[in-house]
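Observations on chain architecture
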Amino acid sequence: MKRIFTCIAVLVAAVVMVACNCNTKSAAPVFVTDECGVVERINPDEKCVYLVFTAHYSESDSGYFENFDGVVPVLNTLKEKGVKGSFFPTGVCFTVDRYQEPIQRIIDEGHYLSAHSFAHLLFVDESDPTISLVTADSIRRDFARMEQELERFGLTKEQYCWLIPPYETYNQEAVDVMTELGYRLVNPTSGMLTGMDWTSPDTEIYHSTEMILDNLWKFEEENTFNGVVLLIHAMNYPDRTDEDRPYNHLGDIIDRLSEKGYTFKTMFDVIEAEKAAK
């Protein structure tokens, strides 16, 4: 009889534990934001990196200066390494014939896909961000065109709600408009130089890929990459050799971070974590 009561007690305890676990909410993501409330780091205590890839297509020169031509090599590397990324091309990229298959591939291979505005608007004067260069209505019209392109690929606002602002530059006024439109804003973690791969070797501001990677590893050593949003352009800027394009070193970056114990997540993981926390 004593053994029967013991078994019953164990079963009751197990049922109670299962019930408690069912009612326990997951922890919501922790965000580190800048002065405008834009997310720059996600779960800074977690040894995880968010790889983000942006691009624009410059229509005035048929994609000579800005393009999405690095997307296939990036996708190939991510597939080889078994890693998912988050892609934010501008809406213009969605209209270019040669990018139709790669964009569909982003979706089919399980990466996160949103955008970077439609026409790559420059919201503010870069020397004085308090000066707005576009009106709220201009942003709304541009984003409406962007949404048309995203939804043409079967995406919903719930899926593409996270967005990187064009030029990664904005002020509170622009942020408020984008937030009013239903967007969550994320920006590359400040302090790294991966966005400087547009500079040409014959200019004073030139940053070689060697310099960019040296900065990246120095940043990791001094600050860790916990929760870092790491930007890599999926673009072929002119006047650079293939070796001088950071995305061609993506495999090495992934390998080195993996050896250091980092894992990789996308904005899909953030969306799911927020849902689980409700």
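A brief look at the structure comes next.

What counts, and where the lines are drawn
Residues numbered from 1 in each chain as written. Predicted model: local features only at pLDDT ≥ 70, side-chain atom pairs only at ≥ 80, totals over all residues. Heavy atoms only, no water. Axes fitted to C-alpha atoms, helices over the stretch in contact; angles between N-to-C directions. Helix = DSSP H or I, 4+ residues; strand = E, 2+ residues; numbered from the N terminus. Parallel < 35°, antiparallel > 145°, perpendicular 65-115°, else oblique. Left-handed = near helix turned anticlockwise from the far one by under 90°. Contact = heavy atoms within 4.5 Å. Nonpolar A, V, L, I, M, F, W, Y, C, P; charged D, E, K, R; others polar. 1 Å grid on protein atoms, 1.4 Å probe; cavity = no way out; pocket = protein on both sides within 12 Å on 5 of 7 lines; lining within 4 Å. Points joined across faces, edges and corners; volume = space filled by probe spheres on them. Polar contact = N/O pair within 3.5 Å; in protein donor to acceptor, adjacent residues only side chain to side chain. Patch = residues over 30% accessible without salt bridge, like charges linked within 9 Å, V, L, I, M, F, W, Y side chains within 5 Å. Areas by Shrake-Rupley, 256 points an atom, 1.4 Å probe, with all protein chains shown as cover. Salt bridge = Lys/Arg side-chain N within 4 Å of Asp/Glu carboxyl O. Disulfide = S-S within 2.5 Å. Buried < 20%, exposed > 50% of the residue type's maximum accessible area, 1.4 Å probe, protein only. Arc of directions from axis to C-beta.

As a packed pair, helix 2 (residues 71–81) and helix 3 (residues 100–108) sit with axes 10 Å apart at the nearest point and diverge in direction by 25°. Between helix 2 and helix 3, the angle is such that the two are roughly parallel. Here the hand of the crossing between helix 2 and helix 3 comes out left-handed. Across from V71, V72, L75, N76 and K79 in helix 2, the residues of helix 3 making contact are P102, R105 and I106. Residue composition of the contact of helix 2 with helix 3, by class: five nonpolar, one polar and two charged.

Below, the discussion takes up empty space enclosed by the protein. Taken as a whole and assessed by the stated rule, the structure comprises one cavity of 30 Å³ or more. Put simply, the largest cavity is a space of about 50 Å³. As for the largest cavity, its lining consists of F123, V124, S132, V134, T135, A136, I139, N171, E173, A174 and V177. Residue assignment for the lining of the largest cavity shows that the elements contributing at least two residues are helix 4 (136–152) and helix 5 (172–180). Element by element, the count of residues in the lining of the largest cavity is highest for helix 5, at three residues. In the lining of the largest cavity, the residues fall into seven nonpolar, three polar and one charged.

You will see that Y167, though not glycine, has its phi angle at about 65°, which is positive. With respect to the helices and strands, Y167 occurs in the loop between strand 8 (162–163) and helix 5. For D239, which is not a glycine, the phi torsion comes out positive at approximately 70°.

Looking now at the environment of K84. Checked against the element boundaries, K84 lands in the loop between helix 2 and strand 4 (86–89). A distance of 2.5 Å separates a polar side-chain atom of K84 from the backbone oxygen of E109.

Here the focus is a nonpolar patch on the surface. Residues Y64, F65, W198 and I205 make up a contiguous nonpolar surface patch of roughly 390 Å² in combined accessible area. Note on placement: F65 falls in the loop between strand 3 (48–55) and helix 2.

Here we take up the state of the cysteines. One pass over the structure, following the stated rule, counts zero disulfides. Distance from the sulfur of C161, which forms no disulfide, to the nearest cysteine sulfur (C48) is 18 Å.

Of all the positions in helix 7 (residues 250–259), only L250, G251, I253, I254 and L257 are classed as buried. Here the buried residues of helix 7 occupy an arc of 160° about the axis, which is enough to place them on one side. Away from its buried face by more than 90 degrees, helix 7 exposes D252 and E259.

Scanning all chains against the criterion turns up 14 salt bridges. Ionic pairing is found between R152 and E149, a salt bridge with its closest N-O pair at 2.9 Å. Of this pair, R152 and E149 both sit in helix 4, three residues apart, which is roughly one turn of the helix. A relative accessible area of 46% means that R152 is categorised as partly exposed. On the accessibility criterion, E149 (13% relative accessible area) is buried. We note a salt bridge from D242 to R245, for which the minimum N-O separation is 3.6 Å. Residue D242 is classed as exposed on the basis of its relative accessible area of 55%. Put simply, D137, R140 and E180 are held in one network by salt bridges that share partners.

With that settled, consider the side chain of H111. Within the secondary structure layout, H111 lies in the loop between helix 3 and strand 5 (112–113). Judged by relative accessible area, which is 3%, H111 ranks as buried. A distance of 3.0 Å separates a polar side-chain atom of H111 from the backbone nitrogen of G85. The contacts of H111, once residues within four sequence positions are left out, are L75, L78, V83, K84, G85, F87, I106 and F268.

A few words on helix 2. Inspection of helix 2 places V71, V74, L75, T77 and L78 among the buried residues, and these make up the whole buried set. The arc that holds the buried residues of helix 2, viewed along the axis, is 165°, so those residues lie on one side. Among the exposed residues of helix 2, those oriented more than 90 degrees off its buried face are K79 and E80. Lining the buried residues of helix 2 we find strand 3, strand 4, helix 3 and helix 7. Positive phi shows up at G82, right after helix 2, with a value of about 70°.

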